[in-house]
There are 2 protein chains.
Amino acid sequence: MRIAEAASQCGLSIDTIRYYEKSNMLPPIARGSDGQRRFSSENIGWLILLASLRDTGMPTATMRKFAALYCKGDSTMPERRKLLVAHAASLQERRTQITRCEELLAYKISVYDGTTNKGGKQ
Amino acid sequence: MRIAEAASQCGLSIDTIRYYEKSNMLPPIARGSDGQRRFSSENIGWLILLASLRDTGMPTATMRKFAALYCKGDSTMPERRKLLVAHAASLQERRTQITRCEELLAYKISVYDGTTNKGGKQ
DNA sequence: CCTTGACCTGGAGTCGCTCCAGTTCGGTAT
DNA sequence: ATACCGAACTGGAGCGACTCCAGGTCAAGG
């Protein structure tokens, strides 16, 4: 599979995939005799995971570390697991940020609607 | 109230507050005779709102627009309301991204734990 | 009077993309 | 055979949203 299809499968842009490869966030990607990238289904699985991680705010430094561990082989599985567990935990925090923002917005909107007659009229 | 306390009240850094002012995301901030910023409690309310909006991914362009509307007076309230409602809607999307990521992570972690014996061993 | 600490400004640096110019390659049409 | 097209390639510039730093001002305390 070439880069255009890979991009449409994982939701990252073509440029982002190339950037991730250049920045060591991907395992080595094969090339055809024409010099173009060929993505395996395992590569696509990796890209889908990265896409989900970056959409939920994982810094690229962490992705790089994760990729480096992956490339070192199975012995790094416990460490990789730890990394994913830590990210899962950070999602809790994000969820509560969203909830707090929703509450604040609901309040502000109620002020605009006049259903709340207190201050804070931003 | 001066900038250090404002920062600790709203959770933004001092640099970020100055950056927001320079970039027209804040209503005009008063200055003392010493040339230093003095934040009113209304200013703090604004900063708290902005902090919550940026933590949940609102682009600064939208914040700038919101600030411009606010500075134009009460006639822009319907438009400001619309803007907040739109952001509240975008939070739904963020929530589902988090949920999808949580599911994917739960799956990947189960693979590490050996409780799932299929492929996808990243 | 001198130092300290909080603030100021302008500007450079960073992160995570995103866009662009210029090139190469494989395939189809003439 | 050649001319062209679309899709991929590279290196590098640009951008959004901060973040950090050097150098300067000012009010208050020792």
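Above this text is the structure in question.
Report follows, based on the coordinates. (Residues numbered from 1 in each chain as written. Chains lettered and ligands numbered in written order. Predicted model: local features only at pLDDT ≥ 70, side-chain atom pairs only at ≥ 80, totals over all residues. Heavy atoms only, no water.)

### So, unusual backbone geometry
- Of note in this structure, Asn24 of chain A is not a glycine but carries a positive phi near 60 degrees.
- Positionally, Asn24 of chain A belongs in the loop between helix H2 (14-22) and strand E1 (30-31). (Helix = DSSP H or I, 4+ residues; strand = E, 2+ residues; numbered from the N terminus.)

### Structural notes on the packing of helix H1 (residues 3-10) of chain B against helix H3 (residues 41-55) of chain B
Residue and element names in this part refer to chain B.
- Put simply, H1 and H3 touch, their axes get as near as 9 Å, and they point 45 degrees apart. Between H1 and H3, the interaxial angle falls into the category oblique. Both H1 and H3 take part in a crossing whose hand is right-handed. Between H1 and H3, the contacting residues are Ala6, Gln9 and Cys10 on the first element and Ile44, Leu47, Ile48 and Ala51 on the second.
- Its residues placed into classes, the contact of H1 with H3 shows six nonpolar, one polar and no charged. (Axes fitted to C-alpha atoms, helices over the stretch in contact; angles between N-to-C directions. Parallel < 35°, antiparallel > 145°, perpendicular 65-115°, else oblique. Left-handed = near helix turned anticlockwise from the far one by under 90°. Contact = heavy atoms within 4.5 Å. Nonpolar A, V, L, I, M, F, W, Y, C, P; charged D, E, K, R; others polar.)

### Considering the interface of chain A and chain B
- The interface of chain A with chain B comprises 35 residues on the first partner and 35 residues on the second.
- Of the roughly 3400 Å² buried between chain A and chain B, counting both surfaces, carbon and sulfur atoms make up 66%.
- Linking chain A with chain B are four salt bridges.
- Residues Asp113 of chain B and Arg81 of chain A are paired through a salt bridge, measuring 2.5 Å at the closest nitrogen-oxygen approach.
- There are eight residue pairs in polar contact (both at pLDDT 80 or more) connecting chain A and chain B.
- Sorting the residues of the side of chain A that touches chain B by element identifies helix H3 (41-55), helix H4 (60-72) and helix H5 (77-113) of chain A as the ones contributing at least two each.
- Element by element, the count of residues in the side of chain A that touches chain B is highest for H5 of chain A, at 22 residues.
- Each residue belonging to the side of chain A that touches chain B can be placed in one class, and the counts come to 17 nonpolar, eight polar and 10 charged. (Buried area = accessible area lost by both parts, 1.4 Å probe. Salt bridge = Lys/Arg side-chain N within 4 Å of Asp/Glu carboxyl O. Polar contact = N/O pair within 3.5 Å; in protein donor to acceptor, adjacent residues only side chain to side chain.)

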